[in-house]
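Structure at a glance
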Amino acid sequence: MRKDEDFSDPLDMGIGAPQGSSLSGILFAAYINDILKFLTRCKCVNYADDLVIYYSAATVEEVQKNLQEDINNPQMWAKDNGMIISCSKTKCMLLKPSNLKCEISSGMM
């Protein structure tokens, strides 16, 4: 860090790139690029460090089963690559016809 003519002491980084570096985004995208290979059942969209996994089926049980299986894979990938998936930031949303009554199991994730 620099303030006027004063510089902070250097700090060794074990992994990653300095925040704000012009290479940070490119290196992060390359680093997480292979996570998509582990989503075998569901479709997904990702942008930066956000990942949306979605699945469509005739029954809620089938949706839940396939989503859970594909959620487990990125969790293993993250652990193997020194990253953490934040469960508190993970959300689940069910889109269904208004006349269909169903419940989502709270055991996901």
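Because the structure is predicted, anything quoted here is derived from the model rather than measured.

A separate point is a nonpolar patch on the surface. Residues Leu-23, Ile-26 and Leu-27 make up a contiguous nonpolar surface patch of roughly 290 Å² in combined accessible area. Mapped onto the elements, Ile-26 comes out in helix H1 (residues 24-32).

Throughout the structure, instances matching the rule amount to zero disulfides. Counting only cysteine sulfurs, Cys-44 is the nearest neighbor of Cys-42, a cysteine outside any disulfide, at a range of 8.9 Å. Given the relative accessible area of 9%, Cys-42 is considered buried.

Alignment of strand S3 (residues 43-47) against strand S4 (residues 50-54), held across five bridges, turns out to be antiparallel. Paired with Tyr-47 across the bridge in S4 is Asp-50. Joining the antiparallel neighbours S3 and S4 is a turn of two residues, in which Ala-48 adopts a positive phi near 55°.

Looking at the protein chain as a whole, its pLDDT mean stands at 82, while 87% of the residues score no less than 70. Confidence scores differ between elements of the protein chain, with strand S1 (residues 2-3) showing the lowest mean pLDDT of 74 and S4 the highest of 89.

Cut-offs applied
- Residues numbered from 1 in each chain as written.
- Predicted model: local features only at pLDDT ≥ 70, side-chain atom pairs only at ≥ 80, totals over all residues.
- Heavy atoms only, no water.
- Patch = residues over 30% accessible without salt bridge, like charges linked within 9 Å, V, L, I, M, F, W, Y side chains within 5 Å.
- Areas by Shrake-Rupley, 256 points an atom, 1.4 Å probe, with all protein chains shown as cover.
- Salt bridge = Lys/Arg side-chain N within 4 Å of Asp/Glu carboxyl O.
- Helix = DSSP H or I, 4+ residues; strand = E, 2+ residues; numbered from the N terminus.
- Disulfide = S-S within 2.5 Å.
- Buried < 20%, exposed > 50% of the residue type's maximum accessible area, 1.4 Å probe, protein only.
- Pairing = 2+ DSSP bridges.
- pLDDT = per-residue confidence, 0-100.

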